[in-house]
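Next come the chains, spelled out residue by residue.
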Amino acid sequence: MTGAQLRDLVDGLAGLPYGGEAVDQRTHALQCAWHAQAAEADDDLVLAALLHDVGRAVHPELDHETAGEKFAGGLLGERVGWLIGNHAQAKRYLVTAEPAYAETLSPASVASLRAQGGPMSDEEVAAFESHPWGLDAARLRRWDDLAKVPGAPEADLSALITVYERRRAG
């Protein structure tokens, strides 16, 4: 996928509803990437933030985590794919590891948490924490939660395309 094709994909998210949230999917993606950049995340995390929900657009027949992992993993490698594929699991982890976190979730996110399996078991928490990218997925999840505010800052898509092209050139 070229940078221009990625731009078209992200721009194509404009106006698409985002699960009952107050922003559309494009705004959500760009706000999430902005939070990653503000946290000085590495390129993989920034791109995972941008693309974490892209599965809804590229393979709507699959759950969005699986679809996003498949799509982004093929483009950007195992780490980006894993982070995207596990951002919902990170919500389950955070609800379990930090009980007050659940109070920060939007109503739509609370509803999807139930569908995603609810809080993790102790065994699931231990496995998530021991994964080398588990805590990065939790960071991505927090940015995801923050990226639902109309009018909030958004990452510059042209700059993100540059990050994508640099990462692809490897």
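Residue numbers run consecutively from 1 along every chain, following the written order of its sequence. Selection of residues for local features in this predicted model requires a pLDDT of at least 70, selection of side-chain atom pairs for listing and counting requires 80 or more, and totals for whole chains, interfaces and linings are taken over all residues. To obtain the side-chain values, all non-hydrogen atoms of the structure were included, while hydrogens and water were left out.

### What to know about the packing of helix 5 (residues 64-76) against helix 11 (residues 157-169)
Note on definitions: angles span 0 to 180 degrees between N-to-C directions of axes, and those axes are lines fitted to C-alpha atoms, for helices only across the stretch in contact. A run of DSSP states H or I qualifies as a helix once it reaches four residues; a run of E qualifies as a strand once it reaches two. Both are numbered from the N-terminal end. With their axes 9 Å apart at the nearest point, helix 5 and helix 11 run at an angle of 65 degrees to one another. The residues of helix 11 that touch helix 5, namely those facing Gly74, Leu75 and Leu76, are Tyr164, Arg167 and Arg168. Of the residues that constitute the contact of helix 5 with helix 11, the class distribution is three nonpolar, one polar and two charged. Residue contacts are defined here by distance: any two heavy atoms, one from each residue, within 4.5 Å place the two residues in contact. Each residue is assigned to one class: nonpolar for Ala, Val, Leu, Ile, Met, Phe, Trp, Tyr, Cys and Pro, charged for Asp, Glu, Lys and Arg, and polar for all the others, Gly among them.

### Looking at the nonpolar core
The biggest cluster of nonpolar side chains holds 46 residues, and the ones touching the most others in it are Leu50, Leu140, Trp143 and Leu160. It is helix 3 (residues 43-51) that provides the largest number of residues to this core, a total of seven residues. Residue contacts for leucine 50: discarding those within four places in its chain leaves Val10, Ala29, Leu30, Ala33 and Leu160. Among buried residues, those of type Ala, Val, Leu, Ile, Met, Phe, Trp, Tyr and Cys that are joined through side-chain atoms within 4.5 Å constitute a nonpolar core. Accessibility here uses a 1.4 Å probe with only protein chains present; expressed as a share of the type maximum, an area under 20% marks a residue as buried, one over 50% as exposed, and anything in between as partly exposed.

### Remarks on the side chain of glutamine 25
Within the element layout of this structure, glutamine 25 appears in helix 2 (residues 25-38). Residue glutamine 25 is classed as buried on the basis of its relative accessible area of 10%. Sequence-distant contacts of glutamine 25, that is, excluding residues within four places in its chain, are made with Leu13, Leu16, Pro17, Tyr18 and Arg56.

### Quick notes on the environment of glycine 118
Along the chain, the position of glycine 118 falls in the loop between helix 8 (107-115) and helix 9 (122-130). Leaving out residues up to four positions away in the same chain, glycine 118 has contacts with Arg92 and Leu113.

### As for the packing of helix 7 (residues 87-97) against helix 9
Where helix 7 meets helix 9, the axes come as close as 10 Å, and the angle between the chain directions of the two elements is 115 degrees. Crossing of helix 7 over helix 9 shows left-handed handedness. In contact with Gln89, Ala90, Arg92, Tyr93 and Thr96 of helix 7, helix 9 contributes Glu124, Val125, Phe128 and Glu129. For the contact of helix 7 with helix 9, the residue count by class is four nonpolar, two polar and three charged. In this scheme, a crossing is called left-handed if the near helix is turned counterclockwise away from the far one by less than a right angle; it is called right-handed if the turn is clockwise.

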